[in-house]
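Residues per chain, in single letters:
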Amino acid sequence: LWVMRRYVFGTGLLQVLTCSVVLGVCGYMFAGLSAAASAIVGGSLALSSTAFGLQILAERKEAGSAYGRQAFAILLFQDLAAIPLIAAVPLLADNTALHAQHPASVIKTVAVILAVVGGGRYLLRPVFRFVARSRQVEVSTATALLVVMGTAWLMEVGGVSTTLGAFLAGMLLADSEYRHELESNIEPFKGLLLGLFFISVGMTMNLPLLLHSPLLILGLVLALLAVKGALLWPLGRWISGLSRTDALRLSALLACGGEFAFVVLRQATEQGLIETAISDALTLAITLSMALTPLLVL
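About the thresholds
- Residues numbered from 1 in each chain as written.
- Predicted model: local features only at pLDDT ≥ 70, side-chain atom pairs only at ≥ 80, totals over all residues.
- Heavy atoms only, no water.
- Axes fitted to C-alpha atoms, helices over the stretch in contact; angles between N-to-C directions.
- Helix = DSSP H or I, 4+ residues; strand = E, 2+ residues; numbered from the N terminus.
- Parallel < 35°, antiparallel > 145°, perpendicular 65-115°, else oblique.
- Left-handed = near helix turned anticlockwise from the far one by under 90°.
- Contact = heavy atoms within 4.5 Å.
- Nonpolar A, V, L, I, M, F, W, Y, C, P; charged D, E, K, R; others polar.
- Salt bridge = Lys/Arg side-chain N within 4 Å of Asp/Glu carboxyl O.
- Buried < 20%, exposed > 50% of the residue type's maximum accessible area, 1.4 Å probe, protein only.
- Patch = residues over 30% accessible without salt bridge, like charges linked within 9 Å, V, L, I, M, F, W, Y side chains within 5 Å.
- Areas by Shrake-Rupley, 256 points an atom, 1.4 Å probe, with all protein chains shown as cover.
- Expected span 1.5 Å × (residues − 1).

A.B. asks: Could you give me a rundown of the packing of helix α10 (residues 214-239) against helix α13 (residues 276-297), with the residues and numbers involved?
C.D. replies: In the contact formed by α10 and α13, the axes pass within 9 Å of each other and the chain directions differ by 55°. In terms of orientation, α10 and α13 fall into the oblique class. Relative to α13, the crossing made by α10 is right-handed. Facing α10, whose interface residues are Ile217, Leu220, Val221, Leu224 and Leu225, α13 presents Ala281, Leu284, Ala285, Ile286, Leu288, Ser289, Leu292 and Leu296. Looking at the contact of α10 with α13 residue by residue, the classes come out as 12 nonpolar, one polar and no charged.

Below, the structure is given as structure tokens:
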């Protein structure tokens with residue numbers, strides 16, 4: 001992060017802010033969304049697919065190229081931005097409820113997050129030292145899974161997003177002294193779990209909506225790709241100093257929606273911030289934009 005700070009916190013921050021604002025304003029003006037819903041929708045659509053982007057760069061052996069490094073930096077900042085976005089959903093939902101703004105909910109959320117992070121730092125180290133003495137790979141993997149599930153459950157009990165709990169648990173595990181061992185242990189499951197995630201997203205998709213309103217969905221897909229692509233090109237060309245060709249490659253790679261958007265939109269729907277019909281349409285549009293990304297790159 002420190003070595004790439006100019007790209008991550010410069011171009012990455014600009015990309016997320018500009019795309020969030022423009023797409024949020026479009027949702028507010030054309031879809032009749034509330035200000036809170038527009039902020040969440042804009043933020044979720046501003047994110048691109050890390051799973052697709054890094055895989056495509058690796059397959060084409062372009063991760064070390066100028067535009068590849070820039071794409072990696074933007075994706076890295078987007079992953080960081082997804083965490084406060086997920087945390088903001090219940091807060092914005094509370095603020096739109098009948099009891100209006102309630103500062104206690106903000107304080108409670110921050111307190112729960114600090115308790116999990118602070119407690120995890122002191123508790124994980126002795127736990128994994130004990131597990132390391134067993135010299136059993138299965139025990140280490142199971143303990144890591146228990147930490148993630150347990151943290152998510154604690155966050156749910158505290159009235160905070162379980163997804164945010166899972167992210168915090170991952171952050172704590174990645175910061176522990178046993179991170180390299182854990183990474184090697186879970187490597188065989190990475191592709192399987194990522195595939196399972198996309199399967200679960202596919203099972204929640206409203207496919208009849210695509211048959212009933214194909215023009216609406218295709219319009220949303222084209223609008224998403226056009227708006228993000230148009231905003232990404234000048235960022236790559238003028239801010240990052242890329243050539244025209246590399247700026248175009250950057251736009252094609254990152255114009256799609258991302259997997260974090262599925263999580264944010266589902267959570268916003270459950271909290272009553274976004275209507276189910278709007279969430280279904282956006283989920284379909286994001287999925288199709290991701291499917292078109294390899295073709296756009298080619």
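A.B. asks: Mind laying out the pattern of salt bridges, listing which residues take part and the relevant values?
C.D. replies: It is possible for side chains of opposite charge to pair when their charged atoms get near one another. Within this structure, the stated rule accounts for six salt bridges. The shortest N-O distance in the salt bridge between glutamate 62 and arginine 60 comes to 3.2 Å. Among the residues examined, arginine 60 registers a relative accessible area of 35% and is labelled partly exposed. A salt bridge links glutamate 177 to arginine 129, with the shortest nitrogen-to-oxygen separation between them at 3.8 Å. Placement of glutamate 177 in the loop between α7 (162-174) and α8 (179-204) and of arginine 129 in helix α5 (residues 103-134) is noted, with a sequence separation of 48 residues between them. By relative accessible area, arginine 129 is classed as partly exposed at 42%.

A.B. asks: Please set out a nonpolar patch on the surface residue by residue, giving values where relevant.
C.D. replies: A surface patch of nonpolar side chains, amounting to about 590 Å² of accessible area, comprises Val21, Val25, Tyr28, Met29 and Phe30. On the secondary structure map, valine 25 appears in helix α1 (residues 5-30). Exposure remark for valine 25: the relative accessible area of 41% places this residue in the partly exposed category.

A.B. asks: Outline helix α12 (residues 259-270), listing residues and values.
C.D. replies: When the terminal C-alpha atoms of α12 are compared, their 17 Å separation across 12 residues agrees well with the 16 Å that a helix rising 1.5 Å per residue should span. Across the 12 residues of α12, nine count as buried, placing the element largely inside the fold. Buried residues of α12: Glu259, Phe260, Ala261, Phe262, Val263, Val264, Leu265, Gln267 and Ala268, and no others.

A.B. asks: Which residues make up the environment of glycine 150, and what are the values?
C.D. replies: Positionally, glycine 150 belongs in helix α6 (residues 137-157). For glycine 150, a relative accessible area of 25% puts it in the partly exposed group. Between the alpha carbons of glycine 150 and leucine 282 there is a distance of 31 Å; along the sequence they are 132 residues apart.

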